[in-house]
Amino acid sequence: MRAAQEPHARTAPTVALPGRPCSAAAALHVVGEKWALLAVREIFFGNHRFDAITRNTGAPRDRLAARLRSLEQAGVIERRPYNERPPRYEYHLTESGRELAPVIRALLDWGDRWVLEDRPVVMVHESAADARTPGGTQPPAHAHDLDAAWICRTCGEEVVMNTLTVDVRAPGWDRSGPREPGPSDV
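Everything quoted here is computed from the prediction, not taken from an experiment. (Residues numbered from 1 in each chain as written. Predicted model: local features only at pLDDT ≥ 70, side-chain atom pairs only at ≥ 80, totals over all residues. Heavy atoms only, no water.)

A. Structural context of the overall build of the chain. Tallying secondary structure elements over the chain gives 7 helices and 6 strands in all. For the chain, buried positions account for 22% of its 186 residues. A separation threshold of at least 6 residues defines the contact pool for the chain, and within that pool the share at least 24 residues apart is 40%. (Helix = DSSP H or I, 4+ residues; strand = E, 2+ residues; numbered from the N terminus. Buried < 20%, exposed > 50% of the residue type's maximum accessible area, 1.4 Å probe, protein only. Contact = heavy atoms within 4.5 Å.)

Below, the structure is given as structure tokens:
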């Protein structure tokens, strides 16, 4: 197994889900609810406090509190205290949560292309040197709207849909669904 595919320590509890065994289904079980992904978006945008996350997502407070708890239990976010009396916490992305950035970007791109006529949020790419000096007086030397591509780490080529195939490795399943048990399966 290559380094890019090596599994990380699992943070979310494993659950048996109905249907095809699939990492996408398992991921959606953790972050697939609207308020969960919008909370991740807000934390990614730098909004760490509950009131700001509530305001910017439009989520009902009780539902957002439940989503934040489930994201914390799954290891996507962590709470950090910022006030002792009364106890108050900020929410920060863990490594697992930070790795959702391409998901948020993909949803923004898709929404820009297929849902909204205007782009209300634009991801801007800066050089690593510019990104390390926030709040500087100089404008970034290298800053432009992000136009990201999906690149294969093995060969370096851009991935396009007609170059992909599906290799189903879950026992008892193929691309069309569950296989009928054969004589060797009984």
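B. Region of interest: the pattern of salt bridges. Taken as a whole and judged by the stated rule, the model has 10 salt bridges. Two residues, Arg105 and Asp109, come together in a salt bridge whose shortest N-O distance is 3.1 Å. Of this pair, Arg105 and Asp109 both sit in helix 6 (residues 101-114), 4 residues apart, roughly one helical turn. Arg119 serves as the salt-bridge partner of Asp145, at 3.6 Å between the closest nitrogen and oxygen. Note that Asp145 is positioned in strand 4 (residues 143-145) and Arg119 in the loop between helix 6 and strand 3 (124-126), a separation of 26 residues in sequence. On the accessibility criterion, Arg119 (46% relative accessible area) is partly exposed. (Salt bridge = Lys/Arg side-chain N within 4 Å of Asp/Glu carboxyl O.)

C. How the structure looks around the nonpolar core. In terms of nonpolar packing, the biggest core is built from 22 residues, with Leu68, Leu71, Val76 and Ile77 touching the most fellow members. Sorting elements by how many residues they give to this core places helix 2 (residues 34-44) first, with 6 residues. Each residue touching Val76, except ones within four places of it in the same chain, is listed here: Val30, Val31, Val40, Leu71, His92, Leu93, Thr94, Ser96, Gly97 and Leu100. (Core = buried A, V, L, I, M, F, W, Y, C linked by side-chain atoms within 4.5 Å.)

D. How the structure looks around a nonpolar patch on the surface. Together, Trp110, Trp114, Val115 and Leu116 make up an exposed nonpolar region whose accessible area comes to about 490 Å². Among the secondary structure elements, Leu116 is positioned in the loop between helix 6 and strand 3. (Patch = residues over 30% accessible without salt bridge, like charges linked within 9 Å, V, L, I, M, F, W, Y side chains within 5 Å. Areas by Shrake-Rupley, 256 points an atom, 1.4 Å probe, with all protein chains shown as cover.)

E. Unusual backbone geometry, seen in detail. Pro86 follows Arg85 through a cis peptide bond whose omega is -5°. For Pro86, the location among the structural elements is in the loop between strand 1 (77-83) and strand 2 (88-93).

F. Representation of the packing of helix 2 against helix 6 within the structure. It is at 10 Å that the axes of helix 2 and helix 6 come closest, and there the two elements cross at 105°. The pairing of helix 2 with helix 6 is recorded here as roughly perpendicular in orientation. Counting all contacts with helix 2, which are made through Leu37, Val40, Arg41 and Phe44, the residues of helix 6 involved are Ala101, Ile104 and Leu107. Here the residues of the contact of helix 2 with helix 6 sort into 6 nonpolar, no polar and 1 charged. (Axes fitted to C-alpha atoms, helices over the stretch in contact; angles between N-to-C directions. Parallel < 35°, antiparallel > 145°, perpendicular 65-115°, else oblique. Nonpolar A, V, L, I, M, F, W, Y, C, P; charged D, E, K, R; others polar.)

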